[in-house]
Amino acid sequence: MFNPIGWTKPEIAQAHCDIPCGIYDPVSAKMAAQTVQKMVLRIQALEPADPSDAAARQDYVNKIARYVTVKDEQAEVCKRELAILWADYGWPNPPADFDLHGTFNAALKLAGQCKQNVDMAKCEELVATCDRIATVFWGTKGETYSDPHSAARYGS
């Protein structure tokens, strides 16, 4: 298509920040991990429906489908947010006892395992790994990490 200014129409970009903008916060990965954890909690707490009650069966099937869909989507969000943080943040002076690549690789694998299974222990490990990453991330900025609203955000 001819453009009188001589520019072509820009395409839509799909990226967080390849410029880079320098705005990062591991809490987005942690919130996704907590959502995965909460969906596993709800799946595990869901009582199977009485087979003779069609409405209850449909309600059960609907709930389980929604919980699994959200669990899987949020595990993928967690993976994406972690991958962006791992690849795009410069990681100046991480502590010597922090295996940057090993920790991120393990976190990405945990998020994948959370998609594949309904395993609360893996969810708890993923959330804890996100916290460890956040602790190191904020430490590279001279800040102390805390997430005082974590329990309230997760809820009961």
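Owing to the predicted nature of the structure, the values given are computational and were not obtained by experimental measurement.

Cut-offs applied
- Residues numbered from 1 in each chain as written.
- Predicted model: local features only at pLDDT ≥ 70, side-chain atom pairs only at ≥ 80, totals over all residues.
- Heavy atoms only, no water.
- Helix = DSSP H or I, 4+ residues; strand = E, 2+ residues; numbered from the N terminus.
- Buried < 20%, exposed > 50% of the residue type's maximum accessible area, 1.4 Å probe, protein only.
- Contact = heavy atoms within 4.5 Å.
- Expected span 1.5 Å × (residues − 1).
- Polar contact = N/O pair within 3.5 Å; in protein donor to acceptor, adjacent residues only side chain to side chain.
- Salt bridge = Lys/Arg side-chain N within 4 Å of Asp/Glu carboxyl O.
- Core = buried A, V, L, I, M, F, W, Y, C linked by side-chain atoms within 4.5 Å.

**Let's talk about the environment of M120**
Along the chain, the position of M120 falls in helix 4 (residues 120-140). Among the residues examined, M120 registers a relative accessible area of 14% and is labelled buried. Considering only alpha carbons, one finds M120 and Q44, 76 residues apart in sequence, at a separation of 9.0 Å. Contacts of M120, omitting those with residues within four sequence positions, involve Q37, V40, L41, Q44 and Y154.

**Overview of helix 4**
Spacing of three or four residues puts side chains on the same side of an α-helix, whose turn is 3.6 residues. Look at helix 4: 30 Å from first C-alpha to last across 21 residues, which is about the 30 Å you get at 1.5 Å a residue. Looking at the buried positions of helix 4, the neighbouring elements they touch are helix 1 (27-45), helix 2 (54-88), helix 3 (100-116) and helix 5 (150-154). One side-chain oxygen at the N-terminal end of helix 4 lies 3.0 Å from the backbone nitrogen of A121; it belongs to D119. Looking one or two residues past helix 4, G142 carries a phi angle of roughly 75°, positive in sign.

**Considerations on the pattern of salt bridges**
Tallied over the full model, the rule gives eight salt bridges. Residues K115 and E76 are paired through a salt bridge, measuring 2.8 Å at the closest nitrogen-oxygen approach. Pair noted here: K115 is in helix 3 and E76 is in helix 2, with a separation of 39 residues, a long-range link.

**Regarding the nonpolar core**
C78, L82, L85, W91, L126 and I133 are the most contacted members of the largest nonpolar core, which totals 31 residues. For this core, the secondary structure elements donating two or more residues are helix 1, helix 2, helix 3 and helix 4. Per-element accounting of this core gives the leading share, eight residues, to helix 4. The contact partners of I133, leaving out residues within four places of it in the chain, are L82, L85, W91, F98, T103, F104 and A107.

So yeah, pure geometry; function would need other evidence.
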